[in-house]
Amino acid sequence: MAKTLSDAERAELADTLPDWALVEGRDAIRRVFKFADFSAAFGFMTRVALIAEKANHHPDWSNSYDTVTVELTSHDVGGLSSRDIRLAKAIDALR
Ligand SMILES: C[C@H](O)[C@H](O)[C@H]1CNC2=NC(N)=NC(=O)C2=N1
């Protein structure tokens, strides 16, 4: 099983994932994605879903019309792990 991130790995987050922020009150990272319309937002979600399913690591997310809010954490370890970093990078590569 993966482990939660070390202090050193956490310190690197601002550099490796500059568009993601730590979520208050929860060991997770969040990025808000804005699109032209619902169709573009939902297209993005389908692409993320395919990546997530392949990795067997799934986002906690919501959609409101043209906006997709993605939160990543590793439920099985109760916090951030290297799997969240990997998925965040893969999601960033879609934009
Ligand atoms: C059984 C299956 O491996 C698990 O439930 C997976 C699925 N997707 C998951 N996604 C996330 N974000 N955290 C998990 O712990 C997790 N566990």
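Residues numbered from 1 in each chain as written. Predicted model: local features only at pLDDT ≥ 70, side-chain atom pairs only at ≥ 80, totals over all residues. Heavy atoms only, no water.

Overview of the side chain of serine 74
Condition: Each helix is a run of H or I in the DSSP string that is no shorter than four residues. Each strand is a run of E no shorter than two, and both are numbered from the N terminus. The contact rule is simple, with two residues in contact once any of their heavy atoms fall within 4.5 Å.
In this structure, serine 74 sits in the loop between strand S4 (67–72) and helix H3 (82–92). Other than its neighbours up to four places away in sequence, serine 74 contacts His57, Gly79, Ser81, Arg83 and Asp84.

Digging into the nonpolar core
The condition is simple: Nonpolar cores are built from buried Ala, Val, Leu, Ile, Met, Phe, Trp, Tyr and Cys residues. Side-chain atoms within 4.5 Å join them into one set. Relative accessible area decides the class of each residue, using a 1.4 Å probe on protein chains only: under 20% of the type maximum gives buried, over 50% gives exposed, and in between gives partly exposed.
Among the nonpolar cores identified, the biggest contains 19 residues, and Trp20, Phe44 and Ile91 are the most heavily contacted of them. Looking at this core, the elements that each hand over two or more residues are strand S2 (29–34), helix H2 (38–55), S4 and H3. Those residues within four positions of isoleucine 91 in sequence are excluded, and the remaining contacts are Trp20, Phe33, Phe44, Val48, Val70 and Leu72.

Examining a nonpolar patch on the surface
To keep it simple, the criterion reads: Residues form patches when they are more than 30% accessible in relative terms and have no salt bridge. Like charges link within 9 Å. Nonpolar side chains (Val, Leu, Ile, Met, Phe, Trp, Tyr) link within 5 Å. Each accessible area is a Shrake-Rupley estimate made with a 1.4 Å probe; only the visible protein chains count as cover when residues are assessed. The salt bridge definition used is simple: a Lys or Arg side-chain nitrogen within 4 Å of an Asp or Glu carboxyl oxygen.
A grouping of Phe38, Phe42 and Tyr65 is seen on the molecular surface, where their side chains present a nonpolar patch of about 330 Å² in accessible area. Along the chain, phenylalanine 42 falls in helix H2.

What about the site of the ligand?
Here is the rule: Throughout, near means a residue has at least one heavy atom within 4 Å of the molecule or strand. Any pair of N or O atoms that falls within 3.5 Å is considered a polar contact. Within protein, one atom must be able to donate a hydrogen and the other to accept it, and sequence-neighbouring residues count only if both atoms are side-chain atoms. Each residue gets one of three labels, nonpolar for Ala, Val, Leu, Ile, Met, Phe, Trp, Tyr, Cys and Pro, charged for Asp, Glu, Lys and Arg, and polar for the others, Gly among them.
Neighbouring the ligand are the residues Asn56, His57, His58, Thr73, Ser74, His75 and Asp76. In the model, a nitrogen atom of the ligand is placed 2.9 Å from a nitrogen or oxygen of the threonine 73 main chain. Contact distances for the ligand include 2.9 Å between an oxygen atom and a backbone N or O atom of aspartate 76. Residue classes in the shell around the ligand are distributed as no nonpolar, 6 polar and 1 charged.

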